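Each chain is listed here by its residues.
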Amino acid sequence: MTDKTDLIVSPCGTHHLEPRGRPGYARRFEQVLPFHPPGLAPVSNKGRAWHIHPNGEDAYPERFDRTFGFYFGVAAVNQAGNWFHITADGQAFYRQRFSFAGNFQNKVSVVCDNSEQYFHIDLLGLPLYTRRWRYCGDYREGSAVVQTDNGLCSHINISGEHDHNKWFVDLDVYHKGFARARDDRGWHHVDRSGKALYSQRYAQIEPFYNGCARVENFDNSLIIIDETGTIIRELRSACFNR
């Protein structure tokens, strides 16, 4: 059997290729996704979805409407509008059903119940906390972004408690200790306490990469700033014409 770490999705997205470009197996599908441990890849054909082994053989007989990659030994699937997670043999990992289920990250997954309320579950399918949100995202660096019914966003920890109880118009997860945040003045970066790193605001910003971030001013100019907000270099002037 071909090593699962070697196979990649073909450019046409219908099968997987070995490193030298040869097909990993003879079958073709309407769509395939990458392989993940324990060596299974999601595939779909004629409105049905399941997982295959690296040799192209089916991992189990069950069929779903949609399948996604395995994370921490389970994969999110949709069956007739019911979302849940399955094990490598195609069996449901727990009894609960949701209107949406994400992928497990750090052994925690986002789900949405039938009341259109979001929260997080553990690997047993049980809620991590009692509160429900209008929306929430994956945990990164121990925190997740949540949104209330009034549209404002904040960070919570793995217990569902507020990291800093500061609220923003839009918010991103932490990346190397800092998060992108937007208030009524624009985008900026905040630290773990929710405090702005600098006073400036921007039309758009990227996360910090080795202490530097690419940001766009409201005049369409592009610059690089450091973690204090100091301009390191200019990438595009304000007179740029699209």
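Right above here is the structure, for reference.
Engineer: Go over the sheet that holds strand S14 (residues 153-156) with me, naming the residues and quoting the values.
Structural biologist: With antiparallel pairing, three strands are arranged side by side in an open sheet as S12-S13-S14. At either end of the open sheet lies a strand with only one pairing partner, and these are strand S12 (135-136) and S14. Here two bridges tie S12 to strand S13 (residues 144-147), and the two strands are oriented antiparallel to one another. Pairing of Tyr-135 across the sheet is with Gln-147, part of S13.

Engineer: Tell me about the nonpolar core, residues and numbers included.
Structural biologist: With 40 residues, the main nonpolar core has Phe-29, Ile-52, Ile-86, Ile-121, Tyr-129 and Ile-156 as its most contacted residues. Residue assignment for this core shows that the elements contributing at least two residues are strand S4 (41-45), strand S5 (48-52), strand S6 (66-71), strand S7 (74-79), strand S8 (82-86), strand S10 (109-112), strand S11 (118-121) and S13. Ignoring sequence-local partners within four residues, the contact set of Tyr-129 consists of Phe-119, His-120, Cys-136, Tyr-139, Ile-156, Ser-159 and Gly-160. Counting 10 residues, the second-largest nonpolar core is a separate cluster that includes Phe-178, Tyr-202, Phe-208 and Val-215.

Engineer: Which residues make up the packing of aromatic side chains, and what values go with them?
Structural biologist: For the coordinates displayed, the defined rule picks out 12 aromatic pairs. By the ring-pair criterion, three or more aromatic residues cluster together here, those being Phe-93, Tyr-94, Phe-98 and Phe-119. Directly above the ring of Phe-119 sits Arg-132, whose terminal nitrogen or CZ lies 3.8 Å from the centroid.

Engineer: Provide a residue-level description of the pairing of strand S20 (residues 222-226), including the pertinent values.
Structural biologist: Of all five residues that make up S20, five are buried, and the element is covered over most of its length. Side-chain alternation along S20 places Leu-222, Ile-224 and Asp-226 on one buried face and Ile-223 and Ile-225 on a second face that is also buried. When strand S19 (residues 212-216) meets S20, the two strands line up antiparallel, connected through five bridges. Bridge assignment links Cys-212 to a residue of S20, and that residue is Asp-226. The hairpin formed by S19 and S20 contains five residues between the paired strands, and Asn-220 there has a positive phi angle of roughly 75°.

About the thresholds
- Residues numbered from 1 in each chain as written.
- Predicted model: local features only at pLDDT ≥ 70, side-chain atom pairs only at ≥ 80, totals over all residues.
- Heavy atoms only, no water.
- Pairing = 2+ DSSP bridges.
- Helix = DSSP H or I, 4+ residues; strand = E, 2+ residues; numbered from the N terminus.
- Core = buried A, V, L, I, M, F, W, Y, C linked by side-chain atoms within 4.5 Å.
- Buried < 20%, exposed > 50% of the residue type's maximum accessible area, 1.4 Å probe, protein only.
- Contact = heavy atoms within 4.5 Å.
- Phe/Tyr/Trp six-rings, centres within 6.5 Å; stacked < 30°, edge-to-face > 60°.
- Lys NZ or Arg CZ within 6 Å of the ring centre and 35° of its normal.

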